[in-house]
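Residue-level structural notes
The lines below spell out each chain.
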Amino acid sequence: MKRVIVSTGDAPKAIGPYSQAVKCNGFLFCSGQIPLDPATGKLVEGGIRKQTERALKNLVAVLEAGGAGLDTVAKTTVYMLDMGEFQEMNEVYSSFFQANQPARATVQVSSLPSGARVEIDAIGIIRITRT
């Protein structure tokens, strides 16, 4: 079983001792993405909608760097500070996953890194490329 570390400059650098993603046995295990702007490393301004959008854009960058994409995601987990913002988060999330939606768990947590309101991780299936 070979593990391959995935890293991209199109998503924020890991802020701890972990990788952005790991490829293993045809799967891509993506670490949680928070709404940091990859260019500045700072949390995006705005509420849950803007933060969800940025977290998902970061997740897309990691998925693509690992040979997967939103269309290959099998499972996500959404971590939220306030479930009262669920509907707004879900509207943005739905705009990214319009068809073939993955399985998902959504949980409320007491805090997230860097003052984020949302964090999203994913497990994707790596696309097979033929040459």
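The following paragraphs examine the structure supplied in this document. Everything numeric here is computed off the predicted structure, so don't read it as measured data.

Quick look at the overall build of the chain now. Within the chain, the regular secondary structure consists of 2 helices and 6 strands. N-terminal to C-terminal, the α/β element order of the chain is β-β-β-α-β-α-β-β. For 131 residues, the compact-globule estimate of 2.2 N^0.38 gives 14 Å, and the chain sits close to it at 14 Å. Taken along the three principal axes of its C-alpha coordinates, the chain extends 45 × 30 × 25 Å. Sequence-distant contacts in the chain: of pairs separated by 6 or more residues, those separated by 24 or more amount to 69%. A total of about 7,200 Å² of accessible surface is found on the chain, and carbon and sulfur atoms cover 50% of it.

A separate point is the nonpolar core. Where a protein is soluble and globular, its nonpolar side chains tend to be buried together. With 22 residues, the main nonpolar core has Cys-30 and Val-118 as its most contacted residues. When residues of this core are traced back to their parent elements, those giving at least two are strand 3 (27-33), helix 1 (48-65), strand 4 (73-80), helix 2 (86-96) and strand 6 (118-125). Per-element tally for this core: the top contributor is helix 1, with 7 residues. With residues up to four places along the chain from it excluded, the contact list for Val-118 reads Gln-33, Ile-34, Pro-35, Ile-48, Gln-51, Thr-52, Ala-55, Val-78, Tyr-79, Met-80, Met-89 and Leu-112.

Mapped onto the fold, Glu-85 is located in the loop between strand 4 and helix 2. A residue is classified by how much of its surface remains accessible, and Glu-85, at 15% relative accessible area, is buried. Counting along the chain gives 45 residues from Glu-85 to Thr-40, while the straight-line C-alpha distance between them is 26 Å. Contact partners of Glu-85, with chain neighbours within four places excluded, come to Ile-48, Met-80 and Arg-117.

So, on to the packing of helix 1 against helix 2. Two numbers describe a pair of packed helices, the interaxial angle and the distance between the axes. Contact geometry for helix 1 and helix 2: axes closest at 8 Å, N-to-C directions at 35 degrees. You can see that helix 1 and helix 2 cross each other, and the crossing is right-handed. Across the interface between the two elements, Ile-48, Arg-49, Thr-52, Glu-53, Leu-56, Lys-57 and Val-60 of helix 1 pack against Glu-88, Met-89, Glu-91, Val-92, Tyr-93 and Phe-96 of helix 2. Its residues placed into classes, the contact of helix 1 with helix 2 shows 7 nonpolar, 1 polar and 5 charged.

Okay, the environment of Ala-74 next. In this structure, Ala-74 sits in strand 4. When the C-alpha atoms of Ala-74 and Gln-87 are compared, they prove to be 22 Å apart, with 13 residues separating the residues in sequence.

Over its 18 residues, helix 1 runs 26 Å from end to end, which matches the ideal 26 Å to within 8%, given 1.5 Å per residue. Looking one or two residues past helix 1, Gly-67 carries a phi angle of roughly 85 degrees, positive in sign.

A word on unusual backbone geometry. A positive phi is found at Asn-25, a non-glycine position, where the angle reads about 50 degrees. On the secondary structure map, Asn-25 appears in the loop between strand 2 (21-24) and strand 3. Given the relative accessible area of 56%, Asn-25 is considered exposed.

What follows covers the sheet that holds strand 5 (residues 103-108). The strand order across the open sheet built from 6 strands is 1-2-3-6-4-5, with neighbouring strands paired in mixed fashion. Every other strand in the sheet has two partners, leaving strand 1 (3-6) and strand 5 as the edge strands with one partner each. Averaged over all pairs of adjacent strands, the angle between their axes in this sheet comes to 15 degrees, without regard to strand direction. Across 5 bridges, strand 3 lies against strand 6 in antiparallel orientation. The partner of Cys-30 across the bridge, within strand 6, is Ala-122. In the packing of helix 2 onto the sheet, contacts are made with strand 4, strand 5 and strand 6, and the angle to strand 5 comes to roughly 150 degrees.

Each value, and the rule that gives it
- Residues numbered from 1 in each chain as written.
- Predicted model: local features only at pLDDT ≥ 70, side-chain atom pairs only at ≥ 80, totals over all residues.
- Heavy atoms only, no water.
- Helix = DSSP H or I, 4+ residues; strand = E, 2+ residues; numbered from the N terminus.
- Rg over C-alpha atoms; globule rule 2.2 N^0.38 Å.
- Contact = heavy atoms within 4.5 Å.
- Areas by Shrake-Rupley, 256 points an atom, 1.4 Å probe, with all protein chains shown as cover.
- Core = buried A, V, L, I, M, F, W, Y, C linked by side-chain atoms within 4.5 Å.
- Buried < 20%, exposed > 50% of the residue type's maximum accessible area, 1.4 Å probe, protein only.
- Axes fitted to C-alpha atoms, helices over the stretch in contact; angles between N-to-C directions.
- Left-handed = near helix turned anticlockwise from the far one by under 90°.
- Nonpolar A, V, L, I, M, F, W, Y, C, P; charged D, E, K, R; others polar.
- Expected span 1.5 Å × (residues − 1).
- Pairing = 2+ DSSP bridges.

Read these as layout, nothing more, since geometry by itself doesn't imply function.
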